[in-house]
Amino acid sequence: MKARALITLLVVACLAAACGIYSFSGTSIQPDVATITIPYVEYRALRVNPALSNQMTEALQEKFRRLTRLEQVDMDGDLELVCEITGYDVTATAITADEMASQNRLTVTAKINFTNRKYPEDNVENKTFSAYEDFDATLSLDAVEGGLCETIVEKLVEDIFNATVAQW
């Protein structure tokens, strides 16, 4: 009886993957959608981090390359993901008794426009994503910025991926 249930489950899983609408990576891309355009991420935040646009662009492109069957093209893809970094801020999050910051928070905010040329009902317009990492206030931002940005970009890319092709 257990073997029959297991076989049935495997057959259903294979059929779901074979239909092309759902994959085990969590994406729900229609079978006739074949290409994606991900232009360079524009940097529009007031505080400057010269490496962040490139880091974000590469992370987005890599995520879609790794987890989808989509071919990346320079223009006019079936899907287009336009992203811009709109915020890059450091704020104090924990204050000591003598009113000194003991923890700081680096927050990065990004805005996307996602266009599905074949299925416009899946479009996502002007959606904002934000991610942060805390760090000890005794450390300078310069000392921890690289590691913090790497973690923040991973979080942002995951959220953007889920909101666009995984539709979570």
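I will try to describe carefully the structure that is included in this document.

Looking only at helices and strands, the protein features 3 helices and 6 strands. Sequence-distant contacts, at least 24 apart, represent 65% of the contacts inside the protein between residues at least 6 apart. Carbon and sulfur atoms provide 55% of the accessible area of the protein, an area that totals close to 9800 Å².

With that settled, the discussion passes to unusual backbone geometry. Positioned with a positive phi, Asp76 is a non-glycine residue whose angle comes to about 60°. With respect to the secondary-structure elements, Asp76 resides in the loop between strand S3 (71-72) and strand S4 (79-95). Judged by relative accessible area, which is 57%, Asp76 ranks as exposed. One non-glycine residue, Asn126, lies in positive phi territory at about 50°. Here Asn126 is to be found in strand S6 (residues 124-136).

Our next topic: the pairing of S4. Two strands pair when backbone bridges link them, and strand S1 (residues 35-37) and S4 are joined in this way by 2 bridges, in the parallel orientation. Paired with Ile36 across the two strands is Leu79, which belongs to S4. Bridging between strand S2 (residues 42-43) and S4 involves 2 bridges; their strand directions are parallel. Bridge pairing in S4 places Tyr43 opposite Ile85.

Okay, the nonpolar core next. In terms of nonpolar packing, the biggest core is built from 37 residues, with Met56 and Leu60 touching the most fellow members. Broken down by secondary-structure element, the contributors of at least two residues to this core are helix H2 (52-67), S4, strand S5 (101-116), S6 and helix H3 (141-164). At 11 residues, H3 tops the list of elements feeding residues into this core. Each residue touching Leu60, except ones within four places of it in the same chain, is listed here: Ile38, Val41, Leu81, Cys83, Val157 and Ile160.

Conventions we followed
Residues numbered from 1 in each chain as written. Predicted model: local features only at pLDDT ≥ 70, side-chain atom pairs only at ≥ 80, totals over all residues. Heavy atoms only, no water. Helix = DSSP H or I, 4+ residues; strand = E, 2+ residues; numbered from the N terminus. Contact = heavy atoms within 4.5 Å. Areas by Shrake-Rupley, 256 points an atom, 1.4 Å probe, with all protein chains shown as cover. Buried < 20%, exposed > 50% of the residue type's maximum accessible area, 1.4 Å probe, protein only. Pairing = 2+ DSSP bridges. Core = buried A, V, L, I, M, F, W, Y, C linked by side-chain atoms within 4.5 Å.

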